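Structural characterization, general
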Amino acid sequence: DKTIHLITPQDAGFITKTVSTSVGIPKEDSRTRVSILNGIIFKSEDKIYSLYPNFSSGSETILNISEISKPIENLIRNIPHHPNYNPFAFIDSEAYYLFIPQSESTYCLKYDFSHKIWSTYSYPVVIYDYKILDVSDIRLYAIYNGTRYEYHFNKLYTDVYIDEAYEYGDVLTAEQLAGL
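All of the points below concern the structure found in this document. Just so it is clear, the model here is predicted, and its values are computed rather than measured. (Residues numbered from 1 in each chain as written. Predicted model: local features only at pLDDT ≥ 70, side-chain atom pairs only at ≥ 80, totals over all residues. Heavy atoms only, no water.)

**What to know about the overall build of the protein chain**
Counting its regular elements, the protein chain contains 2 helices and 15 strands. Looking at the protein chain alone, contacts between residues at least 24 apart form 31% of all its contacts between residues at least 6 apart. Accessible surface computed for the protein chain: about 10300 Å², of which carbon and sulfur atoms make up 49%. (Helix = DSSP H or I, 4+ residues; strand = E, 2+ residues; numbered from the N terminus. Contact = heavy atoms within 4.5 Å. Areas by Shrake-Rupley, 256 points an atom, 1.4 Å probe, with all protein chains shown as cover.)

Okay, structure coming up:
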């Protein structure tokens, strides 16, 4: 089902209004939905959308749906997905991060809110999950050669911190990770 419904309380129950039947979040993209100020961002198959309220008076449309992935549309369409791990996303105050696990690596697409531009990163490990412990402490969970690792995500670098193979806080380059 690729339908988006708006559910609002009314009297003793709720009312449902269909917002879109052409855009929605399929099950395999369910972990790409994140809340932003006045809306959400989500991946739907090979596109990424922003859904936000329509504040213009007199409009019949309650919500606006905007495709924000046009510059990277072909890239998203051609990134192969891992058979066991679905894409996931999170945000910080500056960007939306979409991680797409592949068979032996992970692709990360970063959307900068203020500049409205995309950046791409590739990690030589399968990053399959995350946990936000604090605004400055985001943990990524990865598999490399059958071993599970916990990473400390640092948005300033394309590199990551790894907790188990090296002392905490040692920055590892892509070449060092490939040698693990």
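Now that the structure has been shown, the text picks up again.
**Considering the pairing of strand β7 (residues 88–91)**
Of the pairings in the sheet, the one linking β7 to strand β8 (residues 95–101) comprises 4 bridges and is antiparallel in character. Following the sheet pairing, A89 is matched in β8 by L98. Connecting β7 to the antiparallel partner β8 that follows it, the hairpin turn spans 3 residues. (Pairing = 2+ DSSP bridges.)

**Details of the sheet that holds strand β9 (residues 106–112)**
With antiparallel pairing, the 4 strands of this open sheet are ordered in space as β7-β8-β9-β10. Either end of the sheet is taken by a strand with one partner, and the two such strands are β7 and β10 (117–123). Shown here is a sheet whose adjacent strand axes are inclined to one another by a mean of 20°, direction ignored. As paired elements, β8 and β9 share 7 bridges and run antiparallel to each other. Paired with Y97 across the bridge in β9 is K110. (Axes fitted to C-alpha atoms, helices over the stretch in contact; angles between N-to-C directions.)

**Points about the pattern of salt bridges**
Under the definition given, this model contains 7 salt bridges. With a closest N to O distance of 3.1 Å, K43 and D29 form a salt bridge. Of this pair, K43 sits in strand β4 (residues 39–44) while D29 sits in the loop between β2 (13–20) and β3 (34–36), and the two are 14 residues apart along the sequence. On the accessibility criterion, K43 (1% relative accessible area) is buried. The residue D46 makes a salt bridge to R77 at a minimum N-O spacing of 2.9 Å. In this pair, D46 sits in the loop between β4 and β5 (47–53) while R77 sits in helix α1 (residues 73–78), placing the two residues 31 residues apart along the sequence. In this structure R77 comes out as partly exposed when scored by relative accessible area, which is 42%. A cluster of three or more residues bridged by salt bridges with shared partners is formed by D46, E73 and R77. (Salt bridge = Lys/Arg side-chain N within 4 Å of Asp/Glu carboxyl O. Buried < 20%, exposed > 50% of the residue type's maximum accessible area, 1.4 Å probe, protein only.)

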